[in-house]
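So the chains spell out like this:
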Amino acid sequence: MLCSINYLHNKSQQSFYLCAMSTLNEQIQVLTAEINAFVPQNAAELEDFRIKFLGTKGLVKSLLGEMKNVPVDQKKEAGQMLNAFKQTAEAKYEALQNEFAGADASANKIDLSLPGTPTSIGTRHPLRVVENQIVSIFEKIGFSVATGPEIEDDWHNFTSLNMPPDHTARDMQDTFYVAQNPDWVLRTHTSSTQARVMETQELPIRVICPGRVYRNETISARAHCFFHQCEGLYIDKNVSFADLKQTLYYFVTEMFGENTKVRFRPSYFPFTEPSAEMDISCTVCGGKGCNLCKHSGWVEILGCGMVHPNMLKNFGIDPEIYTGFAFGMGVERITQIKYQVNDLRLYSQNDVRFLRQFQGIY
Ligand code: DAH
């Protein structure tokens, strides 16, 4: 019908040679059928298709180049056919390209039905675990929590606790003073919170005061420049040493188990009279003797006593009507005994291997 052309696809040279064999019409029909039947298996095959049909030396270009040989009266018809052919090749290529791009995109698509990556939420710090245990044991018998500032003034940390400026008992605790104000210290004990409670709360008072305290100590396995305490204070009419003993005995059996024995040794604290230190039977060896109890069978866990009348007077409480007991324990010490932690530095090193051991303990 029209001019006769044929093509030879020379893949290696990426070029196509046309030669006259059949009509342009027939040729286009054959090529259109090929385009329609083309199903690439991968992006590389699609790229071959593009080069073959739409490349700079591709069939569309070559056939369009043949237009010059078409007689003038047939140019219009030939032109329309070639345009249609070009559009078919382009449309096919674009459709397939989208399909492959779509496949790529869906490979990267988020599958919303998959379970999420769990976020690690860490664990409670062992000291917080034990502090919570101490607090909840005392909450059960009617104590409520009170807190105070870590930067404390001399009055609440020392003087009101029956330790005037020249009192030798101040040397029992190596104090960090705050450079900006000679009256300020980093509190050396949570007894300062006792003082604040006596200053502000109505009687009777029954509080437990957890918190961080500071002392100017060289850091070692057995000492640290900051640690944690829990203070207890009970003031009411007719509070006796027997109440103190029974309360602490209750605490020990709750914390360490029913078979734990207690003993009280006379001691000295300026803010209590009489004062005592309480030991419990060693939880590791049961009293037979081990490293924790230094082969004595007993471990010291807290200081306590009856609130000194001078301290009551300092806060306008009449010691003839009211009496009270107080105690203070180190949270690190309780944790060391309960969980056999033998180096104080572990608490502040943030080593997850240490901290993870307390996972699930509340
Ligand atoms: N504040 C004392 C200390 O840090 C501990 C203490 C002993 C607290 C006896 C008390 C107490 O409330 O009555 O060593």
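Keep in mind that this is a model prediction, so the values were computed, not measured. (Residues numbered from 1 in each chain as written. Predicted model: local features only at pLDDT ≥ 70, side-chain atom pairs only at ≥ 80, totals over all residues. Heavy atoms only, no water.)

S.K.: Honestly, the overall build of the chain in this entry has me stumped. Any pointers?
M.R.: Helix and strand counts for the chain stand at 11 helices and 11 strands. Since a compact globule built from 362 residues should have a radius of gyration of about 21 Å, the 44 Å found for the chain marks it as more spread out than a globular shape. With the principal axes as the frame, the chain shows a C-alpha extent of 130 × 50 × 40 Å. Looking at the chain as a whole, 44% of its 362 residues qualify as buried. Taking all contacts inside the chain whose residues are at least 6 apart in sequence as the whole, residues at least 24 apart take part in 65%. (Helix = DSSP H or I, 4+ residues; strand = E, 2+ residues; numbered from the N terminus. Rg over C-alpha atoms; globule rule 2.2 N^0.38 Å. Buried < 20%, exposed > 50% of the residue type's maximum accessible area, 1.4 Å probe, protein only. Contact = heavy atoms within 4.5 Å.)

S.K.: Sorry if this is basic, but what is going on with the environment of K75 here?
M.R.: Tracing the backbone shows K75 in helix α4 (residues 72-108). Separated by 26 residues in sequence, K75 and A101 have C-alpha atoms that sit 38 Å apart. The contact partners of K75, leaving out residues within four places of it in the chain, are M67, K68 and V70. A polar contact is formed between the side chain of K75 and the backbone oxygen of M67, at a distance of 2.8 Å. (Polar contact = N/O pair within 3.5 Å; in protein donor to acceptor, adjacent residues only side chain to side chain.)

S.K.: How should the confidence of the model for the chain be read in this particular structure?
M.R.: Low pLDDT marks stretches whose predicted atomic positions should not be read closely. In the predicted model, the chain carries a mean pLDDT of 89, and the fraction of residues at 70 or more is 92%. Per-residue pLDDT stays below 50 along residues 1-21; that stretch engages in 63 contacts with residues further than four places along the chain or on separate chains. (pLDDT = per-residue confidence, 0-100.)

S.K.: What is the right way to look at the domain arrangement of the chain in this model?
M.R.: One frequently used descriptor of interface size is the decrease in accessible area upon assembly of the parts. If you check the domain split of the chain, you get domain 1 (5-108) and domain 2 (126-358). Just the C-alpha atoms count here: the centres of domain 1 and domain 2 sit 90 Å apart. (Domains from an automatic or database assignment.)

S.K.: Which parts of the structure should I look at to understand the packing of aromatic side chains?
M.R.: Both the distance between ring centres and the angle between the ring planes are used here to describe each pair of aromatic rings. Evaluation of the coordinates by the stated rule reveals 16 aromatic pairs. Between F354 and F358, the ring centres sit 5.4 Å apart and the planes meet at 70 degrees, which makes this aromatic pair edge-to-face. Look at F354 and you get buried, because its relative accessible area is 7%. Ring-pair connections join several aromatic residues into one group, and the members of that group are F138, F143, Y234, F251, F325 and F327. (Phe/Tyr/Trp six-rings, centres within 6.5 Å; stacked < 30°, edge-to-face > 60°.)

S.K.: Help me out: how do you make sense of the sheet that holds strand β7 (residues 226-236) in this one?
M.R.: Neighbouring strands of a sheet are bound in pairs by backbone hydrogen bonds; such pairs are parallel or else antiparallel. Strand order in the open sheet made by the 7 strands is β3-β6-β7-β11-β10-β9-β8, with mixed pairing throughout. Among the strands making up the open sheet, the edge pair consists of β3 (144-145) and β8 (262-269). Of the strand pairs in this sheet, β8 and strand β9 (residues 272-281) are connected by 7 bridges, and their pairing is antiparallel. Bridged to F269 within β9 is T272. Each of β3, β6 (205-214), β7 and β11 (323-330) is contacted by helix α5 (residues 126-139), which is oriented at about 165 degrees to β6, the strand it contacts most. Lying on the sheet, helix α8 (residues 241-256) is in contact with β8, β9, β10 (298-307) and β11; it crosses β10 at an angle near 145 degrees. (Pairing = 2+ DSSP bridges. Axes fitted to C-alpha atoms, helices over the stretch in contact; angles between N-to-C directions.)

S.K.: When you look at the site of the ligand in this model, what are you seeing that I'm missing?
M.R.: In the vicinity of the ligand lie 16 residues, with S191, Q194, R215, Q229 and E231 positioned nearest. With respect to the ligand, the side chain of S191 contributes an N or O atom lying 3.0 Å from a nitrogen atom. Between the ligand and A326 there is a distance of 3.2 Å, counted from an oxygen atom to a backbone nitrogen or oxygen. Alone, the ligand offers 350 Å² of accessible surface; in the complex the protein occludes 92% of this. Where the shell around the ligand is concerned, the elements lending two or more residues are α7 (191-200), β7, β10 and β11. Classifying every residue of the shell around the ligand by side-chain character gives 5 nonpolar, 9 polar and 2 charged. (Near = heavy atom within 4 Å. Areas by Shrake-Rupley, 256 points an atom, 1.4 Å probe, with all protein chains shown as cover. Nonpolar A, V, L, I, M, F, W, Y, C, P; charged D, E, K, R; others polar.)

S.K.: What should I look at first to understand the pairing of β6 in this one?
M.R.: Regular strands place their side chains on alternate faces of the sheet. The buried fraction of β6 is high, at 8 of 10 residues. Both β3 and β6 contribute to a ladder of 2 bridges, which runs parallel. In the sheet register, V145 faces β6, and the bridge partner there is I208. Of the pairings in the sheet, the one linking β6 to β7 comprises 10 bridges and is antiparallel in character. Looking across to β7, one finds that P210 is bridged to C230.

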